[in-house]
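In case you want the letters, here they are:
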Amino acid sequence: MDMWSEILSKAVAEKNKNTNRPASHILIAPIRKDYLNVFCENFHLHLLSKNISSKHGGNYMLYSIDYEICNEYNIKYAEEKDEYTAVRFIYDSVLSNFDAYFMKSKSKSYRCPQCSKIYEESEVVKFKVKRCCDDDEVLDEIIHMETPKTEGNYTEVEIKILGHISSLGEDEAMDAREIADAVGCTIQKVSMWGSKVLAKKGLINKGLINILSKNKTKNYYYSID
Ligand SMILES: [Zn+2]
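Residues numbered from 1 in each chain as written. Predicted model: local features only at pLDDT ≥ 70, side-chain atom pairs only at ≥ 80, totals over all residues.

Draft legend 1. Quick look at the domain arrangement of the protein chain. Considered domain by domain, the protein chain is made up of domain 1 (3–96), domain 2 (105–146) and domain 3 (149–225). Look at where the C-alpha atoms of domain 1 and domain 3 centre, and you get two points 23 Å apart. The interface of domain 1 with domain 3 comprises 14 residues on the first partner and twelve residues on the second. Of the residues contributing to the side of domain 1 that touches domain 3, the split by class is five nonpolar, six polar and three charged. (Domains from an automatic or database assignment. Contact = placed C-beta atoms within 7 Å. Nonpolar A, V, L, I, M, F, W, Y, C, P; charged D, E, K, R; others polar.)

So, in structure tokens, the structure goes:
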């Protein structure tokens, strides 16, 4: 199944970054708990706790990848709580790709960017390219369901930004534009979230440094490790 291979590739990618660090555990927002049931039934994953706080805030469901599977992929198994509450264990950015399969009530409508007329999905469902019947503009899709987000947890993009910066050593530090490009969000989001929250809380480093490979001195973001 697709979702399993994506979970496994994230774990293997985490392992490959540093084989001495465990990559055996998974944290997900409680709102996505049903996604992993099938893997628990098949003993690929084991639910260890329904309410565990990450080092970086937020409460999560904690799972471990089966010990045998970890062995098979040479993934180091975490023994200490301190090891598996790091941000790299938060898998919501992987699981969010499957939200559509789990949200049956998701409804869509379409808005004309030109005249702002709203069309229900049923009105335009038969057209492959959906256009306004007054001015022929291509309609924008509106999805009427917020991205799953639990109280106290970060949004997907915030987790991605934190995760991305946390993977950068000082010599690989990136500026806000580079991070925005890598994560797929605005530069403003990176600088607001990075400077006003993450750096202030001491979760990442931000500083005016000179990166030799880039040959300029400016504000760069990198991990605290
Ligand atoms: Zn229109």
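Back to the text.
Draft legend 2. Spotlight on the environment of Tyr119. When you line up the elements, Tyr119 lands in strand S5 (residues 118–120). In this structure the C-alpha to C-alpha distance between Tyr119 and Val157, which are 38 residues apart in sequence, comes to 29 Å. Setting aside residues up to four positions removed in sequence, Tyr119 forms contacts with Ser109, Tyr110, Val124 and Leu139. (Helix = DSSP H or I, 4+ residues; strand = E, 2+ residues; numbered from the N terminus.)

Draft legend 3. Looking closely at the sheet that holds strand S2 (residues 45–53). Pairing is antiparallel in the open sheet, where three strands are placed in the order S1-S3-S2. The open sheet has two edge strands with one neighbour each: strand S1 (25–28) and S2. Averaged over all adjacent pairs, the angle separating strand axes in this sheet is 25°, with direction ignored. (Pairing = 2+ DSSP bridges. Axes fitted to C-alpha atoms, helices over the stretch in contact; angles between N-to-C directions.)

Draft legend 4. Representation of unusual backbone geometry in the model. Its identity is not glycine, yet Phe43 carries a phi of approximately 60°, on the positive side. Structurally, the position occupied by Phe43 is in the loop between helix H2 (37–41) and S2. With a phi close to 55°, Asn74 is a non-glycine residue in the positive phi region. Along the polypeptide, Asn74 turns up in the loop between helix H3 (67–72) and helix H4 (81–84).

Draft legend 5. Representation of the environment of Cys112 within the structure. Here Cys112 lies in the loop between strand S4 (108–111) and S5. We classify Cys112 as buried; it has 20 C-beta atoms within 10 Å. A sequence separation of 48 residues divides Cys112 from Ser64, and the C-alpha atoms of the two residues are 46 Å apart. (Buried ≥ 20, exposed ≤ 12 C-beta atoms within 10 Å, placed from the backbone.)

Draft legend 6. A look at the nonpolar core. Counting 43 residues, the largest nonpolar core has Ile26, Leu27, Ile28, Ile165 and Ile179 as its most contacted members. Mapped onto this core, the elements with two or more residues apiece are helix H1 (2–17), S1, strand S3 (59–65), helix H8 (156–166), helix H9 (176–183), helix H10 (187–199) and strand S8 (216–223). Of the residues forming this core, the biggest block, five residues, is contributed by S3. Looking at which domains feed residues into this core, each of domain 1 (3–96) and domain 3 (149–225) supplies at least three. (Core = buried A, V, L, I, M, F, W, Y, C linked by C-beta atoms within 7 Å.)

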